[in-house]
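Architecture at a glance
This is what each chain is made of:
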Amino acid sequence: MTVSTPPEFTLQEELAQLKKEKNAVILAHYYQEPEIQEVADFIGDSLELAKKAAETPADIIVFAGVHFMAETAKILNPSKKVLLPDLNAGCSLADSCPPKAFRELKKQYPDHVVVTYINCSAEIKTLSDIVCTSSNAEKVINSIPPEKPIIFAPDKNLGKYLMQKTGRKMLLWDGACIVHEAFSLDKLLELYGQHPSAKIIAHPESEDHILKVANYIGSTSGMLNFVKNTEHDTFIVATEAGILHQMQKDVPWKTLIPAPAKEDNTCACSECAFMKMNTLEKLYNCLAEETPEITLSQDLMKKALRPIERMLELS
Ligand code: 13P
Ligand code: SF4
């Protein structure tokens with residue numbers, strides 16, 4: 001059933017009213033559509049959103065993001081209702097690490113500490129010793145005693161970057177994010193040729209050849225802070241283009257150019273089709289009807305909680 005709003009109110013006003021009535025909070029990732037970011041109570045990167053989810057007093061969490069993020073919010077709040085506007089909002093990176101195959105790998109390396117990037121399913125989290133995000137991954141790796149061998153999953157690009165940063169050799173799972181692997185080095189260099197004073201900033205889920213030409217590498221929030229806190233005024237941004245909304249709001253006087261994708265597309269950028277499955281209408285309907293809801297077994301949540309808590313304790 002689709003709920004239609006009375007014509008005299010905007011969807012945004014109706015949503016605000018519903019939120020109050022139901023004591024709900026809307027958490028949104030920076031990759032969401034601008035109109036969703038505008039109605040959110042809190043916008044953040046994966047780590048900030050996990051922290052917010054852990055401390056919210058709201059009864060209902062509407063997660064405007066993708067499935068693994070909403071799952072993490074549910075694991076941190078087993079007794080609360082966690083809603084995701086579109087249950088099909090998945091993640092290529094999370095999908096690249098199926099639990100059965102990951103269990104097999106773990107069995108072959110029983111002495112390894114398992115570090116997983118938060119972009120994985122709840123079941124993979126139950127197989128992890130500690131979770132990390134792109135904001136705290138270096139800290140997490142450095143917290144593991146140097147003599148302990150590490151399995152890092154599922155993102156091979158972030159894993160390679162972390163091996164270079166920390167000097168730790170790790171066994172990497174062969175997973176990747178389609179959005180961050182979509183950037184074209186040739187087109188990026190051509191664009192840079194047209195803006196030689198620009199600083200190239202990149203997310204560590206990007207491929208090695210993109211990271212090699214970047215002036216700054218960091219998580220979504222790291223990139224936002226870099227753009228805000230440096231004196232440079234032109235940036236080529238190699239991450240999902242949704243971040244440009246908040247970035248431009250933070251520094252309206254600076255020039256922000258999305259890094260181009262290999263494919264010739266209309267936005268000349270890289271967008272996450274999963275993140276963009278959520279719309280304002282779906283967000284409204286999901287809170288009105290309190291569905292689709294994230295449901296996980298108590299046992300799964302209990303097992304997946306420990307590695308997330310370990311990460312939060314370190315952050
Ligand atoms: P962060 O929010 O940790 O920067 O991760 C980016 C991402 O790809 C989320 O899906
Ligand atoms: Fe997954 Fe990549 Fe989309 Fe993030 S941007 S949700 S890692 S597919």
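Computed from a prediction, not measured in an experiment: that's the story for all the values here.

Below, the discussion takes up the site of ligand 2. Around ligand 2, a shell composed of Y31, V66, C91, S92, N119, C177, V179, E205, C272 and F274 is seen. Of the residues in the shell around ligand 2, the class split is seven nonpolar, two polar and one charged.

Turning to the domain arrangement of the chain, a few remarks are in order. For the chain, the assigned domains read domain 1 (8-88 + 275-301), domain 2 (93-178 + 309-314) and domain 3 (185-258). On a C-alpha basis, the centroid separation for the pair domain 1 and domain 3 is 28 Å. Listed per partner, the contact involves ten residues of domain 1 and twelve residues of domain 3. Surface buried jointly by domain 1 and domain 3 totals about 900 Å² across both partners, of which 49% is contributed by carbon and sulfur atoms. Counting across the domain 1 and domain 3 interface gives two salt bridges. The shortest N-O distance in the salt bridge between E38 and K249 comes to 2.8 Å.

Attention shifts here to the UniProt feature "binding site: iminosuccinate" (unreviewed entry) in the chain. As recorded in UniProt, the feature "binding site: iminosuccinate" (unreviewed entry) lies at H29, S46, Y117, I118, N119, S134, H203, P204, E205 and T220. As for its placement among the helices and strands, Y117 is situated in strand 5 (residues 113-117). Not counting residues within four places of it along the chain, the set of residues in contact with Y117 comprises L93, C132, T133, S134, F152, A153, P154, D155, L158, H203 and E205. Here H203 shows up in the loop between strand 9 (199-202) and helix 11 (208-212). Other than its neighbours up to four places away in sequence, H203 contacts Y31, Y117, S134, H180, L211, G218, S219, T220, M223, A238 and T239. In terms of polar contacts, H203 uses its side chain to reach the side chain of S134, at 3.4 Å.

So, about unusual backbone geometry. Omega for the peptide link from A153 to P154 comes to -5 degrees, which places this bond in the cis form. Here P154 shows up in the loop between strand 7 (150-153) and helix 9 (156-166). Cis rather than trans, the peptide bond between T291 and P292 has omega equal to 0 degrees. Backbone geometry places N23, a non-glycine residue, at a positive phi of 50 degrees. For N23, a relative accessible area of 36% gives the class partly exposed. Positive phi values are uncommon outside glycine, yet E290 reaches one of about 55 degrees. Inspection of the secondary structure puts E290 in the loop between helix 14 (280-289) and helix 15 (298-314).

Criteria and cut-off values
- Every chain begins its residue count from 1, and numbering advances along the sequence as written.
- Note on labels: chains are lettered from A, ligands numbered from 1, in written order.
- This being a predicted model, a pLDDT of at least 70 is required before a residue's local features are given, and a value of 80 or more before pairs of side-chain atoms are given or counted; all residues contribute to the totals for chains, interfaces and linings.
- Side-chain metrics rest on all non-hydrogen atoms present in the structure, leaving aside hydrogens and water.
- Put simply, a residue is near a molecule or strand once any heavy atom of it comes within 4 Å of that molecule or strand.
- Nonpolar residues are Ala, Val, Leu, Ile, Met, Phe, Trp, Tyr, Cys and Pro. Charged residues are Asp, Glu, Lys and Arg, and all others, Gly as well, are polar.
- Boundary definitions for the domains trace back to an automatic or database domain assignment.
- Two residues qualify as a contact provided that any one of their heavy atoms is within 4.5 Å of a heavy atom in the partner residue.
- Throughout, the accessible surface (probe 1.4 Å) given up by two parts as they are put together, summed over both, is called the buried area.
- The salt bridge criterion pairs a side-chain nitrogen of Lys or Arg with a carboxyl oxygen of Asp or Glu, the two atoms within 4 Å.
- UniProt positions are given in the numbering used here, feature names are shortened, and annotations may be inferred rather than shown by experiment.
- Only DSSP runs of H or I reaching four residues or more are called helices, and only runs of E reaching two or more are called strands; each is numbered from the N terminus.
- Any pair of N or O atoms that falls within 3.5 Å is considered a polar contact. Within protein, one atom must be able to donate a hydrogen and the other to accept it, and sequence-neighbouring residues count only if both atoms are side-chain atoms.
- Only protein chains enter the accessibility calculation, which uses a 1.4 Å probe; a residue is then buried when its area is under 20% of its type maximum, exposed when over 50%, and partly exposed in between.

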